[in-house]
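# Topology and contacts: notes
Next come the chains, spelled out residue by residue.
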Amino acid sequence: MGGLQKKKYERGSVTNYITRNKARKKLRLSLPDFRRLCILKGIYPHEPKHKKKVNKGSTAPRTFYLIKDIRFLLHEPIVGKFRDYKVFVRKLKKAYGKTEWSAVERLRENKPTYKLDHIIKERYPSFIDALRDIDDALCMCFLFSTFARTGKCHVQTIQLCRRLTVEWMNYVVAARALRKVFISIKGIYYQAEVMGQLITWLVPYQFSHDHPTDVDYRVMATFTELYTTLLGFINFRLYHSLNLLYPPKLDSKAECELKEENEEDYALNSECYLEKLSALSASLARMVSSAEEEEAQLDQFPVEGEDMEKLEAREREQKEQEAQKKLFDGLKFFLNREVPRESLAFIIRCFGGEVSWDKSVCIGSTYEVTEETITHHIVDRPNASTQYINRYYIQPQWVYDCINAKIVLPVEDYFLGVTLPPHLSPFVEEKEGDYMPPEKVKIMALQRGEKPAQEQEDEEEEDEDEDEEEEEDDNDDEEEDEEEDEEESEEKNLKKMEKQRSQGKSLQVKVTPGKMKVENPERLEQEEKAEEKRLAIMMMKKKEKYLYDKIMFGKKRKIREANKLTAKRKAHDDAEKANKKKTRK
Amino acid sequence: MAAARRLKRVVASQPGFLNFKSSSESLSGRRKRVNKNKKKSWNKHSDINDVEEFLEDVRLQERTTGGLLAEKSDDSLFFLDVGQPKRAERKAEPIEGKKRKGKTPRPLRIDLILQQDSLIPAPKDVLAYQQPNAKKLRRISQKAEQLAAKGVVTRRQKRLLSRRPVTKEAKKSDTEANNNPNRDYYDIWGQEQSTVKDSAEDWYLQQTGKKRVKRPEKLSDRPSVLPAVEVIAPGGSYNPDFFSHQALLKEAHEVEVKKQKEEDKLERQLAVNKDDTATEETVIREQVEGLVEEEEEEEEDEEEAAHDEEDEDAEGGSSLAKKKTERQRKREKADKIKELRRLDSKRQMDHRQQLFQLRSIKASIKQQEQSTEDKQKIRKANQEAEKSQPRRLGKLKFQAQDLEVQLSDELAGSLRQLKPEGSVLKDRFKSLQKRNLIEPRERAKFKRRHKLKYVEKRAFRAIT
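As annotated in an unreviewed UniProt entry, chain A carries the name Pescadillo homolog and is attributed to Scophthalmus maximus. The UniProt entry for chain A carries the following text under Function (unreviewed entry): "Component of the PeBoW complex, which is required for maturation of 28S and 5.8S ribosomal RNAs and formation of the 60S ribosome." Note on chain A: under the UniProt heading Sequence similarities (unreviewed entry), the record states "Belongs to the pescadillo family."

Counting residues at the interface gives 106 residues for chain A, matched by 72 residues for chain B. Interface of chain A and chain B: buried area, both sides summed, is about 7800 Å²; carbon and sulfur atoms make up 61% of it. Broken down residue by residue, the surface that chain A buries against chain B is led by A:Ile185, A:Lys186 and A:Phe233, which jointly contribute 11%. On the surface where chain A and chain B come into contact, there are 14 salt bridges.

Attention shifts here to the confidence of the model for chain A. All names here are of chain A. When pLDDT is averaged along chain A, the result is 82; 81% of the residues meet or exceed 70. Scored below 50 in pLDDT, residues 290–296 shows two contacts in the model against residues more than four places distant or in partner chains. Low pLDDT, under 50, characterises residues 453–487; the stretch is placed with 38 contacts to residues that sit more than four places away or in other chains.

Residue and element names in this part refer to chain A. For helix H11 (residues 217–241), built from 25 residues, the straight-helix expectation of 36 Å at 1.5 Å per residue is met to within 8% by its first-to-last C-alpha distance of 35 Å. Counting buried residues along H11, 20 of its 25 residues qualify, which places the element largely inside the surrounding structure. Residue Asp216 occupies the N-cap position of H11, its side-chain oxygen lying 3.1 Å from the main-chain nitrogen of Arg218. One or two positions beyond H11, positive phi appears at Asn243, with a value near 65°.

Before going further, it helps to spend a moment on the packing of aromatic side chains. The geometry of an aromatic ring pair is captured by the separation of the ring centres together with the interplanar angle, meaning the angle of the planes. As enumerated under the stated definition, the model contains 27 aromatic pairs over all chains in all. Relative to B:Tyr186, the ring of A:Phe233 has its centre 5.0 Å away and its plane inclined at 70°; by these criteria the two rings are edge-to-face. Of this pair, A:Phe233 sits in helix H11 while B:Tyr186 sits in the loop between helix H9 (168–174) and helix H10 (199–207), on two different chains. By relative accessible area, B:Tyr186 is classed as partly exposed at 34%. A network of ring pairs unites the aromatic residues A:Phe142, A:Trp168, A:Tyr171, A:Tyr190, A:Trp201, A:Phe236, A:Tyr239, A:Tyr246 and A:Phe346 as a single cluster.

In this section: the nonpolar core. Residue and element names in this part refer to chain A. Trp168, Leu178, Trp201 and Phe346 are the most contacted members of the largest nonpolar core, which totals 138 residues. Considering every element that reaches this core, the biggest residue donor is H11, with 13 residues. Setting aside its immediate chain neighbours within four residues, Trp201 contacts Leu138, Cys139, Phe142, Trp168, Val172, Leu178, Ile188, Tyr189, Tyr190, Gln191, Ala192 and Phe346. Within the second largest apolar cluster, six residues are counted, among which are Phe88, Ala103, Val104 and Leu107.

The next subject is a nonpolar patch on the surface. Residues B:Leu108, B:Ile110, B:Ile113 and B:Leu114 make up a contiguous nonpolar surface patch of about 460 Å² in total accessible area. Following the sequence through the fold, B:Leu114 ends up in helix H6 (residues 109–114).

Residues and elements named next belong to chain B. Positionally, Glu386 belongs in helix H15 (residues 358–387). What makes Glu386 partly exposed here is its relative accessible area of 44%. Considering only alpha carbons, one finds Glu386 and Ser224, 162 residues apart in sequence, at a separation of 9.1 Å.

What counts and what doesn't
- Residues numbered from 1 in each chain as written.
- Chains lettered and ligands numbered in written order.
- Predicted model: local features only at pLDDT ≥ 70, side-chain atom pairs only at ≥ 80, totals over all residues.
- Heavy atoms only, no water.
- UniProt positions renumbered as here; feature names shortened; annotations may be inferred.
- Contact = heavy atoms within 4.5 Å.
- Buried area = accessible area lost by both parts, 1.4 Å probe.
- Salt bridge = Lys/Arg side-chain N within 4 Å of Asp/Glu carboxyl O.
- pLDDT = per-residue confidence, 0-100.
- Helix = DSSP H or I, 4+ residues; strand = E, 2+ residues; numbered from the N terminus.
- Expected span 1.5 Å × (residues − 1).
- Buried < 20%, exposed > 50% of the residue type's maximum accessible area, 1.4 Å probe, protein only.
- Polar contact = N/O pair within 3.5 Å; in protein donor to acceptor, adjacent residues only side chain to side chain.
- Phe/Tyr/Trp six-rings, centres within 6.5 Å; stacked < 30°, edge-to-face > 60°.
- Core = buried A, V, L, I, M, F, W, Y, C linked by side-chain atoms within 4.5 Å.
- Patch = residues over 30% accessible without salt bridge, like charges linked within 9 Å, V, L, I, M, F, W, Y side chains within 5 Å.
- Areas by Shrake-Rupley, 256 points an atom, 1.4 Å probe, with all protein chains shown as cover.

Encoded structure:
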């Protein structure tokens, strides 16, 4: 039994961890500096598995870092810069205290600064890595760009964030990459697809800030510092991938159009260009002047069987996407002054529409209200004062719903003064058998290419009474009335389908003793399939059968619940309708 | 003094001298007799008032008229009075006034006061016109002109010309702040590492600080599997579907109920138990505690004492155990061996019997395995679930923010009337905490090191 006595807490997991304070001392940094360094370098605290062992027997809550991470931090050149900065502040204070103004000036001139470029390169070795982490960056930059310039953070940071977000939006417009939009009570969620990556970001509403006190602004500012650098480099790369100039320049043609005499009313000369860019109404200049884009054709490979199906599905998807990209092609929008201009201009331009607004609202309007070719006028008031005959007056939700539905929805539900259909979240993906709100069912039917069913005819008639002027304006409405007869027959069809859907799979499973129909091979095939399935079920082992029954039961239960919800909804709607009628009388 | 006096006498004796003050004649009363043989007394007692007055008068004349009146010509002192001026002259003045339109602006009184009214010009400040080293500089410039005319460039000039211009811009870019809104970006991912160098060189470059240390691979995986942006539930739409809105409301309600329950529990635990409060009875009992002896207790005590005695007896008996006989020993040993044999045979029997229990053993093993597998599965699932949970990274636990919810009557009918709920800033901050990127922290409390001292201001004190 020789040898030295083993000491406690000198081997094992203790050796892998280091407490925050020790790490800070090792790096010779103050706590705020240490925090900043960790955020910039992407080093996060760890929770050890056995805290007591790591904490040398104590159970006091502590923040731990991996010792290897801290050792890695020791090599960072920015650490030196932090120390320099500390010395700089000390010297500056001294000079101020002695009222040596020349010394103050000299020190100010030589203020130590640092760049984060190498950190970006190190943390994101490839472009795709960076693109995957862009969600956070976008959220943060959009957030900071809406801050008031009141000293919660540097004005320069706000300006930089604004610039970067404008660049990003211009890229999304140019690439037509937007996929989904969701107006929530918190802010507006956007989703875009950039180079195969789905990117989601949240944009707060303008002027909606009450600065919360329990948020550490210093930490947020540090994150923003990193993310502005990241977003800038990503923007550069994205612009070049589309052959656009970076920093973005307006198209020379568009620039001429946007020239106005009273530019000084909006912004200083220095800010004018950014403002024009942020108006989003003009396209950007390309590096190579040929604007013709080649439509990339998917390469065709000879394939068989399942792959074929996959390929077809993929092709279909791509076609859909192409169609979605040209959703608003040829449409001309005009925004009234009370609608959120930036958001609407952004999404309309993303889908190929043209957009303008009143000259006094913002810089960069391209045409007047009086323009004859305007097709849609977006208004968010109960009624518009002067109405032109040849355009639709609609509420802003129409634009958002169109994008989420990927088709141009009928405008009737979105006229002025009409109670809007609910704005559904595009981020929810229903599985088979889940409850779907009737509005979604309707949209899906529309997507399949079926005509909308006029479920609430009586209500519509009431509406028509209400908006007589509207009818005078829109001759399209009358045409629809003529079409209604046709639609009624289709409505029956749809109702039948809904019924089937509500009963779900149970219908298909059932086998009816057949009248032979020779002319219906589809049905035959179906029956055959059903028979096969039945047989397969019969041949199942006891255990498998049990499992199968369980699954089927679960499915049925789901459907039952969904049905219950739909019934409830219908009852609710009916009650609402009755209420409405009562109040009218 | 004497000189002044003399001067006075000389001037006054001159025929043309006029005095400003009429009573220049000194009123000579009785003069005091003092010895003036010493300089001090001479200085003290000689009367110089008249001289001073005279000099003052001279200065006044110079100031007001620009010289001595006596030296002035008669024309400058007198004029011929010919009555009031003619009308034509009068008329001429208003024309000028009309031209100017309105009154001529009269100078301010303060300006008039500050105007210099003395007629003696201020003395020239000679130093202001002097240039140091003027002569030398003049000579140098003359020489330079000569050389320039000849076309000669001096060595000094040559050196100046050959010096590189100072580039200030380069320095500025070096000290440019990181958040400069006009900063430029470049293709950071463009230049890939062209050649793979051998490891020895790598090491050298790292050690000399010419190359950055490679980032550990492990740092690139994220501390949480949660997405960066969690989209709000469909009920959070500004114009939600009825049921999804109800679902969100229910969720928020459940959170609130849970909070309420915890609060209630705490309150219950803190509440005073009524049985613990002192009543009159208990107070009295406490006061007489130990004063009134109770018989029952005494009896119990006695019993206990008896027990103790018995125990002591038993212990004493064991210590005085008798010695075992030889026979007893042998017998015990035989018993022991017998017992061992019995156990052995039993074991063997069991082994043999296990052959027939194979099925049940198998079943039990299977059961065991099944249970361990289940446990493993549960543990794996737990581990997976834990990956998306916020970890305990510091003193404080992560506290999720309140759900953003608008009640049915708060919902806006249109986008224009929408009132945003919650703060995006807070949402981002909490998201960072939830993803274990930063540890949850409380705002540092401000601690005053010295006590505040209140003092009334002086001005305020004067009033009260």
